[in-house]
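In case you want the letters, here they are:
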Amino acid sequence: MPPLPDDPIDALLTAHGLRRTQAVRQVLRWLLAHPDISYTHAQLRLALQDAAAQGLDRVTLYRLIDRLTQVGLLLCRVDVNRVRRYQAMPASVQAIPHFECRSCQKDSPLAGALKASSRDLERAARTAIETLQALGYTGLSMDVAVRGICRECATGAQ
Ligand SMILES: [Zn+2]
């Protein structure tokens with residue numbers, strides 16, 4: 001086992017087989033620090049120019065973003081204007097709270113029923129996964145399930 005890098009960003013890059021260059025660190029650090037924002041290429045370039053004195057040239061930035069997306073560290077979405085937007089891969093994608101009914105065996109997402117608590121659960125799951133990733137764990141996924149009897153079964157209103 002090679003010694004784990006101290007920096008969680010370096011740990012992530014190593015875990016995904018990426019070279020730890022200054023530029024890629026900068027990009028990933030920024031996106032992880034702003035996990036709820038999805039950026040276009042241009043917006044990200046602007047943000048990074050403000051954040052750090054050393055401006056990345058456009059081609060290098062595009063390549064880095066592609067690479068980070070390929071290895072699953074970034075999520076790429078196409079917006080209504082068909083522009084690609086990138087954000088740090090939300091670990092919550094793997095941990096949507098859901099409910100399993102012991103009576104009818106139905107499995108349903110809980111976001112609607114839980115409202116804000118659902119976001120809290122997802123956030124907690126994301127934090128836990130990111131913490132483990134930083135420690136060198138890979139291939140993580142998490143299951144947030146609540147088990148019991150659903151409302152329909154409980155009231156016999158099927
Ligand atoms: Zn049920």
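Residues numbered from 1 in each chain as written. Predicted model: local features only at pLDDT ≥ 70, side-chain atom pairs only at ≥ 80, totals over all residues. Heavy atoms only, no water.

Engineer: Tell me about the overall build of the protein, and name the residues and values.
Structural biologist: The helix and strand tally for the protein stands at 7 helices and 5 strands. Listing each helix as α and each strand as β along the protein from the N terminus yields α-α-α-α-β-β-β-β-α-α-β-α. Within the protein, the proportion of its 158 residues that are buried is 32%. At a minimum sequence separation of 6, the contacts of the protein that also span at least 24 residues come to 51%. For the protein, the accessible area works out to roughly 10,100 Å², and carbon and sulfur atoms hold 52% of it. (Helix = DSSP H or I, 4+ residues; strand = E, 2+ residues; numbered from the N terminus. Buried < 20%, exposed > 50% of the residue type's maximum accessible area, 1.4 Å probe, protein only. Contact = heavy atoms within 4.5 Å. Areas by Shrake-Rupley, 256 points an atom, 1.4 Å probe, with all protein chains shown as cover.)

Engineer: Can you lay out the nonpolar core for me, pointing to particular residues and giving the numbers?
Structural biologist: If you look at the biggest cluster of nonpolar residues, it comprises 22 residues, and the most contacted ones within it are Val27, Leu28, Leu44 and Leu68. Among the elements that line this core, the one with the most residues is helix α2 (residues 22–33), at 5 residues. Grouped together as the second largest cluster of nonpolar side chains are 5 residues, Phe99, Cys101, Leu110 and Cys150 included. (Core = buried A, V, L, I, M, F, W, Y, C linked by side-chain atoms within 4.5 Å.)

Engineer: Provide a residue-level description of the pattern of salt bridges, including the pertinent values.
Structural biologist: In the structure shown here, the tally under the stated rule is 2 salt bridges. Residues Asp10 and Arg25 are paired through a salt bridge, measuring 2.6 Å at the closest nitrogen-oxygen approach. With Asp10 in helix α1 (residues 8–15) and Arg25 in helix α2, the pair connects residues that are 15 residues apart, well separated along the chain. The pair Asp10 / Arg25 is uniform in exposure class, with both members buried. Between Glu100 and Arg147 there is a salt bridge, with its nearest N and O atoms 3.0 Å apart. One end of the pair, Glu100, is in strand β3 (residues 98–101); the other, Arg147, is in strand β5 (residues 145–148), with 47 residues separating them in the sequence. (Salt bridge = Lys/Arg side-chain N within 4 Å of Asp/Glu carboxyl O.)

Engineer: Before we move on, can you summarise the sheet that holds β3 with the specific residues and values?
Structural biologist: Taking strand neighbours across the sheet as the criterion, the 3 strands line up as β4-β3-β5 in an open arrangement whose pairing is mixed. On the outer flanks of this sheet lie β4 (107–109) and β5, each paired with one strand and no other. Averaged over all pairs of adjacent strands, the angle between their axes in this sheet comes to 25°, without regard to strand direction. Where β3 and β5 come together, 4 bridges link them in parallel fashion. Bridging across to β5, Phe99 finds its partner in Val146. (Pairing = 2+ DSSP bridges. Axes fitted to C-alpha atoms, helices over the stretch in contact; angles between N-to-C directions.)

Engineer: Quick one: what's the story with the coordination of the zinc ion, residue by residue and with numbers?
Structural biologist: Note on the zinc ion: its protein donors are Cys101 (SG), Cys104 (SG), Cys150 (SG) and Cys153 (SG). The metal-donor distances range over 2.3 Å. Coordination at the zinc ion is tetrahedral: its 4 donor atoms span angles of 104 to 117° at the metal. Positions of the donor residues of the zinc ion along the chain correspond to the pattern C-x2-C-x45-C-x2-C. In this pair, Cys101 sits in strand β3 while Cys150 sits in the loop between β5 and α7 (151–155), placing the two residues 49 residues apart along the sequence. Across the pair, Cys150 and Cys101 agree in class, each one buried. (Donors = N, O, S within 2.8 Å, 3.2 Å for Na, K, Ca; no water. Tetrahedral: all angles 85-135°; square planar, octahedral: opposite > 155°, others 65-115°.)

Engineer: Please provide a residue-by-residue account of the packing of α1 against α2, values included.
Structural biologist: For the pair α1 and α2, the least separation of the axes is 10 Å and the interaxial angle reads 110°. On the basis of the axis angle, α1 is roughly perpendicular to α2. Here the hand of the crossing between α1 and α2 comes out right-handed. Note on element contacts: α2 touches α1 through Val24, Arg25, Leu28, Arg29 and Leu32, opposite Ile9, Asp10, Leu12 and Leu13. Looking at side-chain class alone, the contact of α1 with α2 contains 6 nonpolar, no polar and 3 charged residues. (Parallel < 35°, antiparallel > 145°, perpendicular 65-115°, else oblique. Left-handed = near helix turned anticlockwise from the far one by under 90°. Nonpolar A, V, L, I, M, F, W, Y, C, P; charged D, E, K, R; others polar.)

Engineer: Provide a residue-level description of unusual backbone geometry, including the pertinent values.
Structural biologist: The phi dihedral of Arg82 falls on the positive side, at around 60°, and the residue is not glycine. On the secondary structure map, Arg82 appears in the loop between β1 (74–78) and β2 (84–88). Judged by relative accessible area, Arg82 falls into the exposed class, the value being 74%.

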